[in-house]
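Next come the chains, spelled out residue by residue.
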Amino acid sequence: MATRRALVTGSSGFIGFHLSQRLLADGWEVLGLDAMTDYYDVTLKERREAMLNQSPNFHVVHDRVEGAGVMDGLMADFHPDAVIHLAAQAGVRYSIDNPESYVEANLIGTFRVLEAARHHKPAHLLIASTSSAYGANETMPYAETQKCDTQMSFYAATKKSNEVMAHSYAHLFDIPTTLFRFFTVYGPWGRPDMALFKFTKAILEGKPIDVYNHGEMARDFTYVTDLVDGIMRLIDAIPTRPNAATEISEGDSLSPVAPHRIVNIGNSQSVPLMEFIAAIEARLGIEAQKNFMDMQAGDVPATWADASLLMRLTGYKPQTAVQDGVAAFVDWYRDYYRC
């Protein structure tokens, strides 16, 4: 049986690293693409990539996904069975200060991926979206079939645009496409701009942490290996174009006119922010100094995933408890930074 091949964009990023590790462990050949941008500490990306490079089945190209001809050339040469597009400019708050970087990486970059898929037809194209796409929606848990037209940040707007762009390509060129909406992913090797990383660093340094909306926030925190398990199972849950006889079940986001589906990957529970902070304090054995602040522009007070579609498609449900996931991150952080 031939070795399966996956092209992973953003392979040295937080999620891309964990996914590439899992693909390699499962016997895949992986081609990674990463621009190694300096949005956060490049050393962290280099350390992740060095671990991936220990496998002879991992190959990496350093270039930008939005570069003309980059994705087309990689797909023409590598012939991937699955393309998992994770490369993006992340961050709700940064999108207020530097929106142009989101246009380049998220809009133009995803366009390049779609064009390459149009010409080289992988068996399945999988693209990362975000829970931020639900915007100002108040009905929770969030379900994939909800209307989502009120994004609260430019980051979320670009990711929702990716979903719409992908639908048009799936319809026009018959590209089986799944987009997954991530819900506050955390864990070892995480991004320094995310709350868990910032909170842990500040508490260990004896500095106060900024707690937005005076702590009246909640998130569906999803442990990174749970997320990867969900993605791995979705690779073989390939959507097909419905025909006149197809009955799309209630709650299924499968398009009526394209092989295109959106799937939540979340822990299916909304954890109060103060409970999340308490888990960090408990593992560190240190009480945080808290600087309570108003809501940050572009943010939302709560997220909560309905992950029943993921369960129906794959038989899998993320389930790592916040206390366990936070403990794993804190232990990694203290080991990595020797503190």
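Structure shown above.
For clarity, every value in this text was computed on a predicted model and none was experimentally measured.

**Q** Explain the sheet that holds strand E2 (residues 29–34) to me, please; I cannot follow it from the model alone.
**A** Whenever strands of a sheet pair, they do so through backbone hydrogen bonds, lying parallel or antiparallel. Strand order in the open sheet formed by 7 strands is E3-E2-E1-E4-E5-E6-E11, and the pairing between neighbours is parallel. What marks the edges here is a single partner per strand, and that holds for strand E3 (58–62) and strand E11 (260–265). Across the sheet, the mean angle from the axis of one strand to that of its neighbour is 20°, orientation sign disregarded. Sheet topology note: the strand E5 (residues 124–130)/strand E6 (residues 177–182) ladder contains 6 bridges and is parallel. Its bridge partner lying in E6, Thr130 is registered against Phe182. Against the sheet, helix H3 (residues 70–78) makes contact with strand E1 (5–9), E2, E3 and strand E4 (82–85), and its axis sits at roughly 165° relative to E1, the strand it touches most.

**Q** Would you mind showing me how to read the environment of Tyr134 here?
**A** Inspection of the secondary structure puts Tyr134 in the loop between E5 and helix H6 (154–173). Along the chain, Tyr134 and Gln151 lie 17 residues apart, while their C-alpha atoms are 6.5 Å from each other. Sequence-distant contacts of Tyr134, that is, excluding residues within four places in its chain, are made with Tyr142, Ala143, Glu144, Gln146, Cys148, Thr150, Arg181, Phe183 and Asn264. Of note is the side chain of Tyr134, whose polar atom sits 3.0 Å from the side chain of Arg181.

**Q** Looking at this structure, I do not really get helix H8 (residues 224–234). What am I missing?
**A** An α-helical turn contains 3.6 residues, so a residue and the one three or four places further along point in the same direction. Burial of H8 is extensive: 9 of the 11 residues sit out of reach of the surface. Of all the positions in H8, only Val224, Asp226, Leu227, Val228, Asp229, Gly230, Ile231, Met232 and Leu234 are classed as buried.

**Q** Any chance you could explain the side chain of Asp226 here in plain terms?
**A** Residue placement: Asp226 occurs in helix H8. Here Asp226 occupies a buried position and makes no salt bridge, while the nearest side chain of opposite charge, Arg233, is found at 8.3 Å. Other than its neighbours up to four places away in sequence, Asp226 contacts Asn267, Tyr316, Pro318, Gln319 and Thr320.

**Q** Help me understand the pattern of salt bridges in this model?
**A** Between side chains of opposite charge, pairing is possible as soon as their charged atoms come close. Scanning all chains against the criterion turns up 19 salt bridges. The closest approach of N and O atoms between Lys201 and Glu205, which form a salt bridge, is 3.1 Å.

**Q** What is the right way to look at the layout of surface pockets in this model?
**A** Rolling a probe over the atoms, with the probe sized like a water molecule, indicates the empty space that remains. One number sums up the size of the second largest pocket: a volume of about 260 Å³. Glu144, Arg181, Ser253, His260 and Ile262 are, among the 14 residues lining the second largest pocket, the residues nearest its centre. Secondary-structure elements contributing two or more residues to the lining of the second largest pocket are H6 and E11. At 4 residues, the largest contribution of residues to the lining of the second largest pocket is made by H6. Broken down by class, the residue content of the lining of the second largest pocket amounts to 4 nonpolar, 5 polar and 5 charged.

**Q** Help me understand the environment of Asp193, please; the structure alone is not making it clear to me.
**A** With respect to the helices and strands, Asp193 occurs in the loop between strand E7 (185–186) and helix H7 (195–204). Expressed as a C-alpha distance, the spacing of Asp193 and Glu205, which sit 12 residues apart in the sequence, is 16 Å. Among residues more than four places away in sequence, those in contact with Asp193 are Tyr39 and Lys198. Polar side-chain contacts of Asp193 include one of 2.7 Å to the side chain of Tyr39. Within the structure, the side chain of Asp193 is placed 2.8 Å from the side chain of Arg191, a separation counted as a polar contact.

Thresholds applied
Residues numbered from 1 in each chain as written. Predicted model: local features only at pLDDT ≥ 70, side-chain atom pairs only at ≥ 80, totals over all residues. Heavy atoms only, no water. Pairing = 2+ DSSP bridges. Helix = DSSP H or I, 4+ residues; strand = E, 2+ residues; numbered from the N terminus. Axes fitted to C-alpha atoms, helices over the stretch in contact; angles between N-to-C directions. Contact = heavy atoms within 4.5 Å. Polar contact = N/O pair within 3.5 Å; in protein donor to acceptor, adjacent residues only side chain to side chain. Buried < 20%, exposed > 50% of the residue type's maximum accessible area, 1.4 Å probe, protein only. Lys, Arg positive; Asp, Glu negative; His and termini not counted. Salt bridge = Lys/Arg side-chain N within 4 Å of Asp/Glu carboxyl O. 1 Å grid on protein atoms, 1.4 Å probe; cavity = no way out; pocket = protein on both sides within 12 Å on 5 of 7 lines; lining within 4 Å. Points joined across faces, edges and corners; volume = space filled by probe spheres on them. Nonpolar A, V, L, I, M, F, W, Y, C, P; charged D, E, K, R; others polar.

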